[in-house]
Amino acid sequence: MRARSKTLGRMARFGAMGAVGFGLNIAVTVSLHEWLGAPEELAFAVALAVVFAFSFLTSRYLIFAGACHGDPRKQFLKFVLSNVGFRVAEYVGFVVLHTVLGLPYLPAIVAVLAFSFLTKFFTYSTVVFADDREVS
């Protein structure tokens, strides 16, 4: 029962991180464009980089236990590779559901992102931010 509660707590924090990241993306984009005069494309690219760093750091230090014991360079590489894989899989999933199977685009997006959320959570907790110290 305790492990289930711990997992649900992590999942709630993971979801909150996503919501904060969404707001942060918009805030950085608007701030850079409206206040500093950066082109929209540059502002959004910088915002994506900021949110990516935010996601890695909050995942490593606030969400997944044992993460601080792993090698941060290895975890960062795993994080980068898994994110690329997730983005490709999300797009392919959307194309399959919407274009091939004919599901309307909004339900297809919701289904893909819900599945991706659960898959990311599992991958991050068991692969990316797992404690990779040698067990003797």
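Data block above holds the structure.
Residues numbered from 1 in each chain as written. Predicted model: local features only at pLDDT ≥ 70, side-chain atom pairs only at ≥ 80, totals over all residues. Heavy atoms only, no water.

(A) Broad picture of the overall build of the protein. Along the protein, the regular secondary structure elements total four helices and zero strands. For the protein, the N- to C-terminal ordering of α and β elements is α-α-α-α. Seen through its principal axes, the protein has C-alpha atoms that stretch 55 × 45 × 25 Å. Looking at the protein as a whole, 26% of its 136 residues are labelled buried. Of all intrachain contacts in the protein linking residues separated by at least 6 positions in sequence, the fraction that spans at least 24 positions is 64%. Carbon and sulfur atoms make up 73% of the accessible area of the protein, which amounts to about 8900 Å² in all. Measuring between centres, the 12 positive side-chain charges of the protein sit 14 Å from its 8 negative side-chain charges. (Helix = DSSP H or I, 4+ residues; strand = E, 2+ residues; numbered from the N terminus. Buried < 20%, exposed > 50% of the residue type's maximum accessible area, 1.4 Å probe, protein only. Contact = heavy atoms within 4.5 Å. Areas by Shrake-Rupley, 256 points an atom, 1.4 Å probe, with all protein chains shown as cover. Lys, Arg positive; Asp, Glu negative; His and termini not counted. Charge placed at Lys NZ, Arg CZ, Asp CG, Glu CD.)

(B) Main features of the packing of aromatic side chains. Within this structure, the stated rule accounts for 16 aromatic pairs. When the ring of F56 is compared with that of F76, the centres are 5.2 Å apart and the planes differ by 90°; the resulting orientation is edge-to-face. Linking F56 in helix α2 (residues 40–63) with F76 in helix α3 (residues 72–100), this pair joins segments that are 20 residues apart in sequence. Taken together through their ring pairs, the aromatic side chains of F14, F52, F56, F64, F76, F79, F86, F117, F121, Y124 and F129 make up a single cluster. (Phe/Tyr/Trp six-rings, centres within 6.5 Å; stacked < 30°, edge-to-face > 60°.)

(C) Quick peek at a nonpolar patch on the surface. On the surface, V84, V88, Y91, V92, V96, V100 and L101 cluster together into a nonpolar patch covering about 690 Å² of accessible area. Here V92 shows up in helix α3. (Patch = residues over 30% accessible without salt bridge, like charges linked within 9 Å, V, L, I, M, F, W, Y side chains within 5 Å. Salt bridge = Lys/Arg side-chain N within 4 Å of Asp/Glu carboxyl O.)

(D) Examining the side chain of R10 more closely. Among the secondary structure elements, R10 is positioned in helix α1 (residues 2–35). A distance of 3.5 Å separates the side chain of R10 from the backbone oxygen of I63, its partner in a polar contact. (Polar contact = N/O pair within 3.5 Å; in protein donor to acceptor, adjacent residues only side chain to side chain.)

(E) Inspection of the environment of L62 at higher detail. Relative to the elements of secondary structure, L62 occurs in helix α2. Between the C-alpha atom of L62 and that of P72, which follows or precedes it by ten residues, the distance is 14 Å. Other than its neighbours up to four places away in sequence, L62 contacts R13 and L57.

(F) Spatial organisation of the environment of A45. When you line up the elements, A45 lands in helix α2. Accessibility expressed as a relative area gives 41% for A45, which makes it partly exposed.

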